[in-house]
Amino acid sequence: MSPIAAKRRTLLLGTLIAASLAQAALATVGVFCVRAVFDTVLSQQSAHQAPPPAALAALLLGSAVLACLIEIYRTWAGEKLGLGYVAEVRTALFERIMRAAPEALNQKRQGGLLLPFVGDLTAIKKWISNGLVKLISSSIMLVFLLAVLAFQSPLLAAIAAAVVLCAAGLLNWLAGPLDSAIRETRAKRGAIANFVSGSIGAAQTVRAFNRVGRELARLERRNTALM
């Protein structure tokens, strides 16, 4: 694990995983409450053995409220994790650029240098705050709930696990083409950033030679290529 990621290990592995386990437990409580209600309605013989409806309703409502509060906290923790990680990466990138040799900087266009700070870091933040956090929490909840389902119905748990594995295999198969598309998109976004940066720097010259329409057409071609 990189030093930047290691600084966020406690937040990631501690509070977020604990929140995910708590959400899975509360989801299980809700499922058993709903099952108890249906068992009471469908089986009048065991109605006297079932918990009171008021207790079931209070337990279900309490678990739902607590799960909502945990989700709010998990969202806050995910945002904090993503923003903190991006802030450290931004600082590291800025220091790397400031210490780079002038020859290396001259080979880069200004738009290409600014792209990581504007677009790429925003995507990384979304991936960490939304993608990574939800992946961890959903994986924990999935394993937990499949285990509970296997305790109730092994056949139904096996079918659900097979569906999940098929979906995971399909996502893994799509990862290659998606990665290629992301790389191509990033390159075209960098081309647009370089073009806009250069055109803004030469705005007076463009207006003096009446080439605004031509520059707009060039930008439109790059936008079309990106789309």
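Colleague: I'd love a proper account of the overall build of the chain, names of residues and values included.
Modeller: The secondary structure content of the chain amounts to eight helices and zero strands. When the helices and strands of the chain are read in sequence order from the N terminus, they spell out α-α-α-α-α-α-α-α. Out of the 227 residues in the chain, the part that is buried amounts to 20%. For the chain, restricting intrachain contacts to residue pairs at least 6 apart in sequence, the fraction spanning at least 24 positions comes to 80%. If you sum the accessible surface of the chain, you get close to 15400 Å²; carbon and sulfur atoms cover 69% of it.

Colleague: Describe the confidence of the model for the chain, with residues and values.
Modeller: With 82% of its residues at a pLDDT of 70 or more, the chain has an overall mean of 79. No element of the chain has a lower mean pLDDT than helix α1 (residues 3-6), at 56, and none a higher one than helix α6 (residues 154-201), at 85.

Colleague: Can you lay out the pattern of salt bridges for me, pointing to particular residues and giving the numbers?
Modeller: Going through the model one piece at a time under the given rule, you end up with four salt bridges. Here Arg-74 makes a salt bridge to Glu-71, at a shortest N to O gap of 2.6 Å. Note that Arg-74 and Glu-71 are positioned in helix α3 (residues 53-98) at a spacing of three residues, about one turn of the helix. Of the residues examined, Arg-74 reaches a relative accessible area of 6% and is grouped as buried. Judged by its relative accessible area of 29%, Glu-71 falls in the partly exposed class. The partner of Arg-183 in a salt bridge is Asp-179, with the nearest N and O atoms 3.0 Å apart. Remark: Asp-179 and Arg-183 occur in helix α6; sequence separation between them is four residues, near one turn of the helix. Relative accessible area serves as the criterion here: at 59%, Arg-183 is assigned to the exposed category. For Asp-179, a relative accessible area of 37% gives the class partly exposed.

Thresholds, definitions, all that
Residues numbered from 1 in each chain as written. Predicted model: local features only at pLDDT ≥ 70, side-chain atom pairs only at ≥ 80, totals over all residues. Heavy atoms only, no water. Helix = DSSP H or I, 4+ residues; strand = E, 2+ residues; numbered from the N terminus. Buried < 20%, exposed > 50% of the residue type's maximum accessible area, 1.4 Å probe, protein only. Contact = heavy atoms within 4.5 Å. Areas by Shrake-Rupley, 256 points an atom, 1.4 Å probe, with all protein chains shown as cover. pLDDT = per-residue confidence, 0-100. Salt bridge = Lys/Arg side-chain N within 4 Å of Asp/Glu carboxyl O.

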